[in-house]
Amino acid sequence: IQVMDTTRNVSALADVLTYVDSLSQVALEKNASSVIVCHNHPSGSPRPSISDVKFTEKLSKALEFFDMRLLDHIIISDTKYYSFSEEKSHRILG
């Protein structure tokens, strides 16, 4: 298990695609078999935005191409969290 810390503001679609490429590259370099991503929502609500869902879909598909799995995407707030793997409404994880 290796924990990596990257700080980045991802909002525009171009940023999302670049970040997906960047994360996929790091996972390949580390010879990862699976990935978990986590970020915070300072607004207080951990519910995923449309951008969060699109990012998760794109990252999952990119990792699948390299035979890796996205195990979870966790969004945290001050006192709550949202886990894509725990929510059955999002069946986009590999």
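What counts and what doesn't
Residues numbered from 1 in each chain as written. Predicted model: local features only at pLDDT ≥ 70, side-chain atom pairs only at ≥ 80, totals over all residues. Heavy atoms only, no water. Pairing = 2+ DSSP bridges. Helix = DSSP H or I, 4+ residues; strand = E, 2+ residues; numbered from the N terminus. Axes fitted to C-alpha atoms, helices over the stretch in contact; angles between N-to-C directions. Phe/Tyr/Trp six-rings, centres within 6.5 Å; stacked < 30°, edge-to-face > 60°. Buried < 20%, exposed > 50% of the residue type's maximum accessible area, 1.4 Å probe, protein only. pLDDT = per-residue confidence, 0-100. Polar contact = N/O pair within 3.5 Å; in protein donor to acceptor, adjacent residues only side chain to side chain. Contact = heavy atoms within 4.5 Å.

A. Examining the sheet that holds strand E3 (residues 81–83) more closely. Ordered by their spatial adjacency, 3 strands build an open sheet running E1-E2-E3, and the pairing between neighbours is mixed. Looking at strand neighbours, the two that pair on one side only are strand E1 (34–40) and E3, the edges of this open sheet. When strand polarity is set aside, the average angle formed by the axes of neighbouring strands in this sheet is 15°. For strand E2 (residues 69–76) and E3, the ladder comprises 3 bridges, and the chain directions are antiparallel. Note that in E3 the partner of Ile 76 across the bridge is Tyr 81.

B. Molecular detail of the packing of aromatic side chains. One pass over the full model with this rule turns up 2 aromatic pairs. Aromatic side chains Tyr 82 and Phe 84 sit 5.3 Å apart centroid to centroid with 85° between the ring planes, which places their arrangement in the edge-to-face category. Tyr 82 gets classed as buried once you look at its relative accessible area, which sits at 3%.

C. Structural detail: unusual backbone geometry. Despite not being glycine, Asn 31 has its phi angle at roughly 55°, a positive value. Positive phi values are uncommon outside glycine, yet Asp 67 reaches one of about 60°. Within the secondary structure layout, Asp 67 lies in the loop between helix H2 (50–65) and E2. Of the residues examined, Asp 67 reaches a relative accessible area of 70% and is grouped as exposed.

D. Region of the structure containing the confidence of the model for the chain. Of the residues in the chain, 73% reach a pLDDT of 70 or more, and the chain-wide mean stands at 81. Mean pLDDT per element in the chain: helix H1 (residues 13–29) is the minimum at 74, and E3 is the maximum at 95.

E. Quick peek at the side chain of Asp 52. Summarising the element assignment, Asp 52 is placed in helix H2. Here the side chain of Asp 52 touches His 39 through a polar contact of 3.3 Å, side chain to side chain. Side-chain polar atoms of Asp 52 contact the side chain of His 41, separated by 2.9 Å. In contact with Asp 52, other than residues within four places in its own chain, are His 39, His 41, Arg 47, His 73, Ile 75 and Phe 84.

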